[in-house]
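# Survey of secondary and tertiary structure
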Amino acid sequence: QVQLVESGGGLAQAGGSLRLSCAASGRTFSHYAMGWFRQAPGKEREFVAAISWSGDSTNYADSVKGRFTISRDNAKNTVYLQMNNLKPEDTADYYCAADSGGNSDEFGTYGIDYWGKGTLVTVSG
């Protein structure tokens, strides 16, 4: 099994930046595609970004493309989400997720294998 623990959430001003981290443990991490979802209160869960197991490809929601960057350090069993030029509409609980499929463009298509518990990001206008 894989356990995922997010960190790095907090409060930022519009236009500011935050970096989220997701630390994985439990089994081989490098062969899982990793990604992030977010969910605001009263809203549907939304895909944010994904990265392939090797880190050679990424995929982003249109709403964050050009502002957010996903990366991973397999030696540290950690995935990152660098969030720049934050907007109030980015406010949400952000969840790390793992997909044993291993690629980014089909991330979550056949279900997510593991979820983190989430970290809250709040962006003030």
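Provided above is the structure to which this section pertains.
### Focus: unusual backbone geometry
- Phi at Asn77 is positive, roughly 55°, even though this residue is not glycine.
- Judged by its relative accessible area of 28%, Asn77 is partly exposed.

### Observations concerning the sheet that holds strand S3 (residues 18-25)
- The four strands lie next to each other as S1-S3-S8-S7, forming an open sheet whose pairing is antiparallel. In this open sheet, the two edge strands, each paired with only one partner strand, are strand S1 (3-7) and strand S7 (68-73). Put simply, the sheet's adjacent strands are angled 15° from each other on average, direction ignored.
- Strand direction decides the pairing type here: S3 and strand S8 (residues 78-83), joined by six bridges, are antiparallel. Paired with Leu20 across the two strands is Leu81, which belongs to S8.

### Topic: the nonpolar core
- Core analysis: the biggest nonpolar cluster contains 30 residues, and Leu4, Met34, Trp36, Leu81, Met83 and Tyr94 have the highest contact counts within it.
- Mapped onto this core, the elements with two or more residues apiece are S3, strand S4 (33-39), strand S5 (46-51), S7, S8, strand S9 (92-99) and strand S11 (119-124).
- Ignoring sequence-local partners within four residues, the contact set of Leu81 consists of Leu18, Arg19, Leu20, Trp36, Val48, Ala49, Phe68, Thr69, Ile70 and Tyr94.
- Core analysis: the next-biggest nonpolar cluster, separate from the first, contains six residues, Ala33, Ala97, Phe107 and Ile112 among them.

### A short note on the pattern of salt bridges
- Applying the stated criterion across every chain yields a total of four salt bridges.
- The partner of Glu46 in a salt bridge is Arg38, and the shortest N-O contact between them spans 2.9 Å.
- By relative accessible area, Arg38 is classed as buried at 5%.
- Across the salt bridge formed by Asp90 and Arg67, the nearest N and O atoms sit 2.7 Å from each other. Here Asp90 is found in the loop between S8 and S9, whereas its partner Arg67 is found in the loop between strand S6 (58-60) and S7, with 23 residues between them in sequence.
- Judged by its relative accessible area of 0%, Asp90 falls in the buried class.
- Three or more residues are tied together by salt bridges with common partners; here these are Arg38, Glu46, Arg67 and Asp90.

### Re the pairing of S9
- Among the eight residues that make up S9, six are buried, leaving the element largely enclosed by the rest of the structure.
- Summarising the sheet, S4 and S9 pair through seven bridges and their orientation is antiparallel. When the bridges of S9 are listed, Gly35 appears paired with Ala97.
- Two elements, S9 and S11, share three bridges in a ladder whose sense is antiparallel. Bridge pairing in S11 places Ala92 opposite Val121.
- Pairing between S9 and strand S10 (residues 114-115): two bridges, direction antiparallel.

### Describing the state of the cysteines
- Here the structure, examined in full by the defined rule, presents one disulfide.
- Linked covalently through their sulfurs, Cys22 and Cys96 form a disulfide whose S-S length is 2.0 Å. A torsion of -85° about the S-S bond marks the disulfide between Cys22 and Cys96 as left-handed. Highlighted residues: Cys22 in strand S3 and Cys96 in strand S9, separated in sequence by 74 residues. With respect to burial, Cys22 and Cys96 carry one shared label: buried.

Quick notes on the rules
- Residues numbered from 1 in each chain as written.
- Predicted model: local features only at pLDDT ≥ 70, side-chain atom pairs only at ≥ 80, totals over all residues.
- Heavy atoms only, no water.
- Buried < 20%, exposed > 50% of the residue type's maximum accessible area, 1.4 Å probe, protein only.
- Pairing = 2+ DSSP bridges.
- Helix = DSSP H or I, 4+ residues; strand = E, 2+ residues; numbered from the N terminus.
- Axes fitted to C-alpha atoms, helices over the stretch in contact; angles between N-to-C directions.
- Core = buried A, V, L, I, M, F, W, Y, C linked by side-chain atoms within 4.5 Å.
- Contact = heavy atoms within 4.5 Å.
- Salt bridge = Lys/Arg side-chain N within 4 Å of Asp/Glu carboxyl O.
- Disulfide = S-S within 2.5 Å.

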